Amino acid sequence: AQRVTQPEKLLSVFKGAPVELKCNYSYSGSPELFWYVQYSRQRLQLLLRHISRESIKGFTADLNKGETSFHLKKPFAQEEDSAMYYCALHPKGGSEKLVFGKGTKLTVNP
Amino acid sequence: DTEVTQTPKHLVMGMTNKKSLKCEQHMGHRAMYWYKQKAKKPPELMFVYSYEKLSINESVPSRFSPECPNSSLLNLHLHALQPEDSALYLCASSPGSGGLYEQYFGPGTRLTVT
């Protein structure tokens, strides 16, 4: 069965500090991996996906198949990055089901 | 129009009431989803429609009944709900089914069952 683990429920950093939100997955095949973000009072939205290898709002995430991880990183956190972040997995070639981790609430302090 | 809209924003209903949630998108997306989200928890998938046909039902109780009248609309009919069904109900859509596609989420309907 597919599973996504985000070990940190809460993460607090200071503005300008590096931030890393951890995501580990369990899936026997090749997954599609995503990071979704939910800012306060806003709808859930896609931040980035591993297949596009983009940097969005300064965030990057690299798929490490050996460690089955897809950690989200930003070198210099900003206050506006404060939000709930969900790592999500979609089995490649599988059904339409997106499996979410439990989420990490990031707070960036001034 | 690049948004998923949901109505109503808030809904309070008694356990004997019948109500419906509505979701609409005009992006030409062919897959639509209902999720349930409890406070401080991730969204839980309830139903998936692909090309207007129900393709996934995550063992949701029959008091929740989805309907897809056309490719732009998705309804969730509610009947005889329980207080534990109180949650934020999210609708999402994607251009197609499968993992290549981003899901676009609506703002949700906040449901309270009294």
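First things first, this report covers the structure right here in the doc. Every residue gets a number counted from 1 within its own chain, in the order that chain's sequence is written. To label them, take the chains in the order written and letter them from A, then take the ligands in the order written and number them from 1. Predicted model: local features are reported for residues with pLDDT of at least 70 only, side-chain atom pairs are reported and counted for 80 or more only, and whole-chain, interface and lining totals are derived from all residues. Heavy atoms from the whole structure form the basis of all side-chain values; hydrogens and water molecules are not counted.

1. Concerning the sheet that holds strand E8 (residues 72–74) of chain A
Residue and element names in this part refer to chain A. In short, DSSP must find at least two bridges between two strands for them to pair. Each helix is a run of H or I in the DSSP string that is no shorter than four residues. Each strand is a run of E no shorter than two, and both are numbered from the N terminus. In spatial order, the strands read E3-E8-E7; together these three strands make up an open sheet with antiparallel pairing. What marks the edges here is a single partner per strand, and that holds for strand E3 (19–21) and strand E7 (60–61). One ladder, built from three bridges, connects E3 with E8; its direction is antiparallel. The residue of E8 that forms the bridge with Leu 21 is Leu 72.

2. Quick look at the state of the cysteines
In protein chemistry, a disulfide is the covalent bond that joins the sulfur atoms of two cysteines. All names here are of chain A. Disulfides are defined in this document as cysteine sulfur pairs within 2.5 Å. On inspection of all chains with the given rule, the structure shows two disulfides over all chains. Here Cys 23 engages in a disulfide with Cys 87; their sulfurs sit 2.0 Å apart. Handedness here is read from the sign of the S-S torsion; for Cys 23 and Cys 87, about -65°, the answer is left-handed. Separated by 64 residues along the polypeptide, Cys 23 in the loop between E3 and strand E4 (24–26) and Cys 87 in strand E9 (residues 83–91) bring together distant segments of the chain.

3. Overview of the interface of chain A and chain B
Across the contact, 18 residues belong to chain A and 24 residues belong to chain B. A simple way to read buried area is as the amount of 1.4 Å-probe accessible surface that goes missing from two parts once joined, with both sides added. Surface buried jointly by chain A and chain B totals about 1,800 Å² across both partners, of which 56% is contributed by carbon and sulfur atoms. The term salt bridge refers to a side-chain nitrogen of Lys or Arg lying within 4 Å of a carboxyl oxygen of Asp or Glu. Along the contact surface separating chain A from chain B lie three salt bridges. With a closest N to O distance of 2.8 Å, A:Lys97 and B:Glu58 form a salt bridge. In the analysis that follows, any N or O atom pair within 3.5 Å is treated as a polar contact, provided that within protein one partner can donate a hydrogen and the other can accept it, and provided that, for residues neighboring in sequence, both atoms belong to side chains. Taken together, the connections running from chain A to chain B amount to six residue pairs in polar contact (both at pLDDT 80 or more). Those elements giving two or more residues to the side of chain A that touches chain B turn out to be strand E5 (31–38), strand E6 (45–49) and E9 of chain A. Sorting elements by how many residues they give to the side of chain A that touches chain B places E5(A) first, with four residues. Charged means Asp, Glu, Lys or Arg here, nonpolar means Ala, Val, Leu, Ile, Met, Phe, Trp, Tyr, Cys or Pro, and polar covers whatever is left, Gly included. Here the side of chain A that touches chain B is composed, by residue class, of eight nonpolar, four polar and six charged. Should any heavy atoms of two residues lie within 4.5 Å, those residues are considered in contact.

4. Focus: the nonpolar core
We define the nonpolar core as a collection of buried residues of types Ala, Val, Leu, Ile, Met, Phe, Trp, Tyr and Cys that are connected through side-chain atoms lying within 4.5 Å of one another. Burial classification: accessible surface area is computed with a 1.4 Å probe over protein chains only, and a residue below 20% of its type maximum counts as buried, one above 50% as exposed, and the rest as partly exposed. The biggest cluster of nonpolar side chains holds 25 residues, and the ones touching the most others in it are A:Trp35, A:Leu72 and A:Tyr85. Those elements giving two or more residues to this core turn out to be strand E2 (10–14), E3, E5, E6, E9 and strand E11 (104–109) of chain A. Discounting residues that sit within four places of it in the chain, A:Tyr85 has contacts with A:Gln6, A:Leu21, A:Trp35, A:Tyr36, A:Val37, A:Tyr39, A:Leu47, A:Phe59, A:Leu72, A:Gly103, A:Thr104 and A:Leu106. B:Met46, B:Tyr49, B:Ala87 and B:Leu111 belong to the second-largest nonpolar core, a separate cluster that totals 22 residues.

5. What to know about the sheet that holds strand E8 (residues 73–79) of chain B
Residues and elements named next belong to chain B. Reading across the sheet, the four strands line up as E1-E3-E8-E7 and stay open at both edges, with antiparallel pairing between neighbours. In this open sheet, the two edge strands, each paired with only one partner strand, are strand E1 (4–7) and strand E7 (64–70). Ignoring strand direction, the axes of neighbouring strands in this sheet form an average angle of 20°. By the bridge criterion, four bridges tie E1 to strand E3 (residues 18–25) in an arrangement that is antiparallel. In this analysis an axis means a line fitted to C-alpha atoms, helices contributing only their contacting stretch, and an angle means the value between N-to-C directions, from 0 to 180 degrees.

6. Some thoughts on the pairing of strand E9 (residues 87–94) of chain B
Residue and element names in this part refer to chain B. E9 sits mainly inside the fold: eight of its eight residues count as buried. Sheet analysis places strand E4 (residues 31–37) next to E9, joined by seven bridges and oriented antiparallel. Looking at the pairing, Gln 37 lines up with Leu 88 of E9. Here three bridges tie E9 to strand E11 (residues 109–113), and the two strands are oriented antiparallel to one another. Among the inter-strand pairings, Tyr 89 is bridged to a residue of E11, identified as Thr 109. Bridging between E9 and strand E10 (residues 104–105) involves two bridges; their strand directions are antiparallel. Across the sheet, Ala 92 pairs through a bridge with Phe 105, a residue of E10.

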